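# Commentary on secondary and tertiary structure
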Amino acid sequence: MLRRQVYPNGSKIDGADLYLDNYYYYYYSPTLAGLPAAIREGETVNNGASDAQAPDIAAAEQAFDGPIDQVRQRMAIADPNPGVKPKMIAPATSAPMARALKQRILRHKETGPQYPPASPEILEGGMIWDNCIDALLAGTGNPDVRAGGLHLLGTIPQVSVGQGTLNGQPTLVLIASVFVPPGYQEELIVNASTGVPMEMVGDVSGQQPTVTVTYEITRVTAAAIEAEG
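Residues numbered from 1 in each chain as written. Predicted model: local features only at pLDDT ≥ 70, side-chain atom pairs only at ≥ 80, totals over all residues. Heavy atoms only, no water.

### Things to note about the nonpolar core
In plain terms, the rule: Note on terminology: a nonpolar core comprises buried Ala, Val, Leu, Ile, Met, Phe, Trp, Tyr and Cys residues joined through side-chain atoms within 4.5 Å. Between buried and exposed lies partly exposed: a residue is buried under 20% and exposed over 50% of the maximum accessible area for its type, with that area taken using a 1.4 Å probe on protein chains only. Here a helix means four or more residues in a row that DSSP labels H or I, a strand means two or more in a row labelled E, and each is numbered from the N terminus. Only heavy atoms matter for contacts: two residues are in contact if any of them lie within 4.5 Å across the pair.
Formed by 39 residues in total, the largest nonpolar core has its most connected members in W129, L153 and L188. Secondary structure elements with two or more residues in this core: helix 2 (54–61), helix 3 (68–76), helix 5 (120–138), helix 6 (143–153), strand 5 (169–176), strand 6 (184–191) and strand 8 (211–216). At ten residues, the largest contribution of residues to this core is made by helix 5. Residues within four places of W129 in sequence aside, it is in contact with L153, I156, V159, L174, A176, V178, F179, E186, L188 and M200.

### Quick look at the packing of helix 3 against helix 5
Where we set the bar: Interaxial angle, 0 to 180 degrees, is taken between N-to-C directions of lines fitted to C-alpha atoms, where a helix line uses only the stretch in contact. The labels follow the angle: roughly parallel below 35 degrees, roughly antiparallel above 145, roughly perpendicular from 65 to 115, and oblique for the rest. Less than a right angle of anticlockwise turn of the near helix away from the far helix marks a crossing as left-handed, whereas a clockwise turn marks it as right-handed. Residues were grouped as follows: Ala, Val, Leu, Ile, Met, Phe, Trp, Tyr, Cys and Pro as nonpolar; Asp, Glu, Lys and Arg as charged; and all remaining residues, including Gly, as polar.
Across the interface, helix 3 lies against helix 5 with an axial gap of 8 Å and an inter-helix angle of 65 degrees. The angle between the axes of helix 3 and helix 5 places the two elements in the roughly perpendicular class. Like other packed secondary-structure pairs, helix 3 and helix 5 cross with a definite hand, here left-handed. On the side of helix 3, the interface is formed by R72, Q73, M75 and A76, while helix 5 contributes E124, M127, I128, N131 and C132. When grouped by side-chain class, the residues that make up the contact of helix 3 with helix 5 number five nonpolar, two polar and two charged.

### Digging into the environment of P170
Within the secondary structure, P170 sits in strand 5. Overall, P170 belongs to the partly exposed group, its relative accessible area being 46%. Along the backbone, P170 and S193 are 23 residues apart, and their C-alpha atoms lie at a distance of 7.6 Å. In this structure, P170 is in contact with G164, T165, V190, N191 and A192, ignoring residues within four places of it in sequence.

### Section: the pattern of salt bridges
Definition in use: In the sections that follow, a salt bridge refers to a side-chain nitrogen of Lys or Arg positioned within 4 Å of a carboxyl oxygen of Asp or Glu.
Summed over all chains, the structure comprises four salt bridges. Of the charged contacts, one joins R4 and D14 as a salt bridge, the two residues approaching to 2.6 Å between their closest N and O atoms. Residue R4 is located in strand 1 (residues 2–6), and its partner D14 is located in strand 2 (residues 12–18); the two are separated by ten residues in the primary sequence. Close ionic contact of R72 with E124 constitutes a salt bridge, the shortest N to O distance being 3.2 Å. Pair noted here: R72 is in helix 3 and E124 is in helix 5, with a separation of 52 residues, a long-range link. E124 carries the same exposure label as R72, and that label is buried.

See below:
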């Protein structure tokens, strides 16, 4: 996956991510040209010490297995700290969710401005959104992950779904309002035919985007990428 993050001041951050099919932490390089060396040196992100997106992937694959409340919570607690952004949080209604919330409280209680706690519904929706995005990016080569991730995103009441076009391709546009501060939203654009992510935009409605991330995702083999170096 090649990605580019663009900020309002014009600064850009490029990256090349290679997720393995076992979903252990991926190989990363600032450029595609740097991936072969990263593979040869065996330096995965976090040195492979974590399963990375594996819990998110599993929750997406199981999105149609069981009652909807159960599969939603399975995704919400798949990764309690996805690291996308701090969210103010509220008390949970189950022990697993409570543990996830406690971790997020400890992580974020001293960062950024303080806002009123979000409702449990907003909280759960935000966690499902974050973890589904991680699953869709890391596991986009798996049609079951794409189907499950998009299905779960569609269960969030604060997510609207529309249609559009990007680079001449028909798209689905999912807009989520599950964040604090109020007014902030994220927009995920996926290919309408395949469900593959194409772009993510974070902004406050009616204002200039705070970040735009574009994705170019293809399925490759680690051996082929390594050989190119």
